[in-house]
Amino acid sequence: MAETSLFQSFFLIFSGAALIATLALYGRQPLLVAYIALGVLLGPSGVGVVSNVQLLADMSTIGIIFLLFLLGLDMQPRALVSVMRKATFVGLISCALFLGMGFAIGQLFGFTRVESWVIGMAMMFSSTIIGIKLLPTTVLHHKHLGEIMVGLLLFQDFVAIACLMILLSGSTGEVDIARLGLSFAALPLLVVAAWAVVKYVLLPLLTRFDRFHEYVFLIALGWCMGMAEMAEVAGLSREIGAFIAGITLATSPISQYIALSLKPLRDFFLILFFFSLGAQFNLAMVPEIALPALVTAAAVLAVKPVVFRYLLGNQSEQNVLSWDVGFRLGQISEFSLLIAFLAVGQQLIGSAASHLIQATAIITFLVSSYIVVMNFPNPIAIKDHLRRD
């Protein structure tokens, strides 16, 4: 079959998404499930009509960057500092527990020790996309629930960076401690530089030319992308750079206008993300990894909410809020997929371990989305009393 052009791929993805999303809404199903199912159907393992999946996957990461940028725009810096103290304790303990759980499951199903450790790494993180996409935009971002979730997800981002650096050193067998230290030392310098640029360059420009809406849009887009790339160069992640770009603009009076302008663009790329997630999965591996994936996904879905509930409860959080955070973070992450792809590239794990992580991600994305959409306030709830935006 001839390779589809980019336009043809977009036509199939977005026309198909419109159709299947309509069916999902009539069936009272979450839209995220529809996008993943469409990817499996149209991707190489399905009917194969969309062939340039890797290009779409690379493009879809822009959606994650916009997600973190908009998240930063909705959070005041002072609130972030206060919540990070609590998030550090909860994040350290939870990451250690999930790492051990993943390693034990890997050993149970006969994977090598290295593969088991990589599986454990993948279990440590929760999805920024699922967590934030299903968080009510205007109701909870300025409340305690949103702050705790953001703090935990940002802490996990730092742990993920350390894990990626460890995996990148797999070919030499030695972790580059100096490089890791320099990357984290670059963080405060990046924050200070971003604050200075916003105060002395961006805000005066926006104040002078704010009546030109196209110019405001371009400045916001350039600032988000520029900071994301600066963070990547500094050895951090584009997601962290985008969040810094957002939070340094959060105190500006124009921040909410920027957030509203970029939301449609964010949603465009997030649809691509969920489609590419389904399209990249090789259905031929299902018989080999079905049982391990089901056991791993069940463990993640059952254990993560309980762990977060009791760790947050230990920090004097109310039970209702602790359970809410636990279920919203009760899946593995897009970082888990990156860990799987990188570990395969470094020949640290085999195809079976990689597809186990991918299958676990898809299953936990689907089930946790159902749980949140059907039981907690969120922007895409089918039930009217739960819909908050």
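Note: the structure precedes this text.
Residues numbered from 1 in each chain as written. Predicted model: local features only at pLDDT ≥ 70, side-chain atom pairs only at ≥ 80, totals over all residues. Heavy atoms only, no water.

Undergrad: It is not clear to me how the environment of Phe341 should be interpreted in this structure. Could you clarify?
TA: The residue Phe341 is located in helix α14 (residues 334–345) in this model. Since its relative accessible area comes to 35%, Phe341 is described here as partly exposed. With 13 residues separating them in the primary sequence, Phe341 and Ser354 have C-alpha atoms 6.9 Å apart. Every residue in contact with Phe341, bar those within four places of it in the chain, is listed here: Gln280 and Gln358. (Helix = DSSP H or I, 4+ residues; strand = E, 2+ residues; numbered from the N terminus. Buried < 20%, exposed > 50% of the residue type's maximum accessible area, 1.4 Å probe, protein only. Contact = heavy atoms within 4.5 Å.)

Undergrad: Hey, could you run me through the layout of surface pockets in this one?
TA: The gaps left among the atoms become clear once a water-sized probe is rolled over them. Estimated volume of the largest pocket: approximately 780 Å³. In this structure, the largest pocket is lined by 31 residues; those nearest its centre are Thr61, Leu164, Glu239, Phe335 and Leu338. When contributions to the lining of the largest pocket are tallied by element, the ones reaching two or more residues are α3 (53–73), α7 (144–168), α10 (238–249), α11 (255–279) and α14. The element that contributes the greatest number of residues to the lining of the largest pocket is α3, accounting for eight residues. Across the lining of the largest pocket, the residue classes break down as 16 nonpolar, eight polar and seven charged. (1 Å grid on protein atoms, 1.4 Å probe; cavity = no way out; pocket = protein on both sides within 12 Å on 5 of 7 lines; lining within 4 Å. Points joined across faces, edges and corners; volume = space filled by probe spheres on them. Nonpolar A, V, L, I, M, F, W, Y, C, P; charged D, E, K, R; others polar.)

Undergrad: Hey, could you run me through the packing of helix α1 (residues 6–26) against α3 in this one?
TA: When two helices pack together, their arrangement is given by the angle between the helix axes and by the axis-to-axis distance. At their nearest, the axes of α1 and α3 sit 11 Å apart, and the two run at 70 degrees to each other. Between α1 and α3, the angle is such that the two are roughly perpendicular. Residues Leu6, Ser9, Phe10 and Ile13 of α1 lie in contact with α3, whose contacting residues are Leu55, Leu56 and Met59. When grouped by side-chain class, the residues that make up the contact of α1 with α3 number six nonpolar, one polar and no charged. (Axes fitted to C-alpha atoms, helices over the stretch in contact; angles between N-to-C directions. Parallel < 35°, antiparallel > 145°, perpendicular 65-115°, else oblique.)

Undergrad: Whenever I open this one, the side chain of Ser127 confuses me. Can you help?
TA: Here Ser127 is to be found in the loop between α5 (113–123) and α6 (128–133). A distance of 3.0 Å separates a polar atom in the side chain of Ser127 from the backbone nitrogen of Ile130. In this structure, Ser127 is in contact with Leu153, Gln331, Ile332, Ser333, Glu334 and Phe365, ignoring residues within four places of it in sequence. (Polar contact = N/O pair within 3.5 Å; in protein donor to acceptor, adjacent residues only side chain to side chain.)

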